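Report on the structure
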Amino acid sequence: MKPFIELRDAAIGWLDLIGPKGTGIERFNASVPGLLVMLGWYFGLVLLTRFIQAATLTGSTPGIVEITVALLLNGLPLLVILASTALTVRVLTPAASPLRLMVPAGYALVFLLAVGLPLSLFAGSSFAPALQGVLGYMLYRLARQGGPFNIGIAVGYAVLTVVLLVAIPIGLYMLLDPSLPTPD
């Protein structure tokens, strides 16, 4: 396994998937080792992001508790993408394996996290809706080429995943803030 080669292949694969050719699904290593490499890149980038944000915003390094919380909280979006992908593949039973969609979907999060870091440092969270839209389009293209699913199912998969990703922070906020009013 060569993680840097897999990252390069994933970047080229995503450029091919969202480009006019619409090919590139074969560039991803759709296997358990490929999934583990993707997870390593994702959580490594989460750690790097957390250290950079802490250094620029507070001027200090995060403690072990902050790092653990950051890893757990950033693991939730990845878990949502992997779960919605596994559920979609299980329900629809396409010819593709779940890993054929999970690995590229995870790399989509890796690349958006890499793009989102400089945007969050300079513009705050104002680019978050745009990044969610980009992720939705990437998941749509993945479903069309990797499934291959028809247009309706691909749109449904992308919308379901993005809605779940939007619901996570709202749900966590509601759980962590006990002062919120409850419906009668």
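If you're wondering where the values come from, they're calculated on a predicted model, not measured in any experiment.

Things to note about the overall build of the protein
From N to C terminus, the protein includes 6 helices and 0 strands. Going residue by residue from the N terminus, the α and β elements of the protein occur as α-α-α-α-α-α. Taking 16 Å as the expected radius of gyration for a compact globule of 184 residues, we find that the protein reaches 17 Å, a close match to that expectation. Considering only C-alpha atoms, the protein reaches an extent of 50 × 45 × 30 Å along its principal axes. For the protein, the residues scored as buried account for 38% of the 184 residues in total. Just so you have it, the protein exposes about 10300 Å², and 72% of that area is on carbon and sulfur atoms. Charge separation in the protein, taken as the distance between the mean sites of 9 positive and 7 negative side-chain charges, equals 14 Å.

Focus: the nonpolar core
Counting residues in hydrophobic clusters, the biggest one holds 41 residues, and the most contacted among them are Trp14, Phe28, Tyr107, Leu135 and Leu142. Among the secondary structure elements, those contributing two or more residues to this core are helix 1 (3-18), helix 2 (32-57), helix 3 (64-92), helix 4 (98-123), helix 5 (128-146) and helix 6 (151-176). Per element, the largest residue contribution to this core is 12 residues, and it comes from helix 4. Apart from residues lying up to four places away in sequence, tryptophan 14 is in contact with Phe28, Pro104, Ala105, Tyr107, Ala108, Phe111, Met138 and Leu142.

Quick look at the environment of phenylalanine 149
If you trace the backbone, phenylalanine 149 turns up in the loop between helix 5 and helix 6. In the structure, phenylalanine 149 is positioned 54 residues away from alanine 95 in sequence and 10.0 Å away in space, judged by C-alpha atoms.

Topic: the pattern of salt bridges
Considering all chains together, one arrives at 4 salt bridges under this definition. Here aspartate 16 and arginine 27 are joined by a salt bridge, their closest N and O atoms 3.7 Å apart. Linking aspartate 16 in helix 1 with arginine 27 in the loop between helix 1 and helix 2, this pair joins segments that are 11 residues apart in sequence. For arginine 27, a relative accessible area of 39% puts it in the partly exposed group. Overlapping salt bridges bring together Arg8, Asp9, Asp16 and Arg27 as one network.

Looking at the layout of surface pockets
Of the volumes computed, that of the largest pocket is approximately 1000 Å³. Contributing to the lining of the largest pocket are 28 residues, with Tyr42, Asn74, Pro77, Leu113 and Ala128 lying nearest its centre. Elements represented by at least two residues in the lining of the largest pocket include exactly helix 2, helix 3, helix 4, helix 5 and helix 6. Broken down by element, the lining of the largest pocket gets its largest block of residues, 7 residues, from helix 4. Here the residues of the lining of the largest pocket are counted per class, giving 19 nonpolar, 8 polar and 1 charged.

Side note on the packing of aromatic side chains
Here the structure, examined in full by the defined rule, presents 6 aromatic pairs. Judged by centre distance (6.3 Å) and plane angle (35 degrees), the rings of phenylalanine 28 and tyrosine 107 are tilted. Separated by 79 residues along the polypeptide, phenylalanine 28 in the loop between helix 1 and helix 2 and tyrosine 107 in helix 4 bring together distant segments of the chain. The class for phenylalanine 28 is buried, based on a relative accessible area of 7%. An aromatic cluster is present here, built from Trp14, Phe28, Tyr107 and Phe111 joined pairwise through their rings.

The rules behind each value
- Residues numbered from 1 in each chain as written.
- Predicted model: local features only at pLDDT ≥ 70, side-chain atom pairs only at ≥ 80, totals over all residues.
- Heavy atoms only, no water.
- Helix = DSSP H or I, 4+ residues; strand = E, 2+ residues; numbered from the N terminus.
- Rg over C-alpha atoms; globule rule 2.2 N^0.38 Å.
- Buried < 20%, exposed > 50% of the residue type's maximum accessible area, 1.4 Å probe, protein only.
- Areas by Shrake-Rupley, 256 points an atom, 1.4 Å probe, with all protein chains shown as cover.
- Lys, Arg positive; Asp, Glu negative; His and termini not counted.
- Charge placed at Lys NZ, Arg CZ, Asp CG, Glu CD.
- Core = buried A, V, L, I, M, F, W, Y, C linked by side-chain atoms within 4.5 Å.
- Contact = heavy atoms within 4.5 Å.
- Salt bridge = Lys/Arg side-chain N within 4 Å of Asp/Glu carboxyl O.
- 1 Å grid on protein atoms, 1.4 Å probe; cavity = no way out; pocket = protein on both sides within 12 Å on 5 of 7 lines; lining within 4 Å.
- Points joined across faces, edges and corners; volume = space filled by probe spheres on them.
- Nonpolar A, V, L, I, M, F, W, Y, C, P; charged D, E, K, R; others polar.
- Phe/Tyr/Trp six-rings, centres within 6.5 Å; stacked < 30°, edge-to-face > 60°.

Honestly, it's all geometry; don't read function into it.
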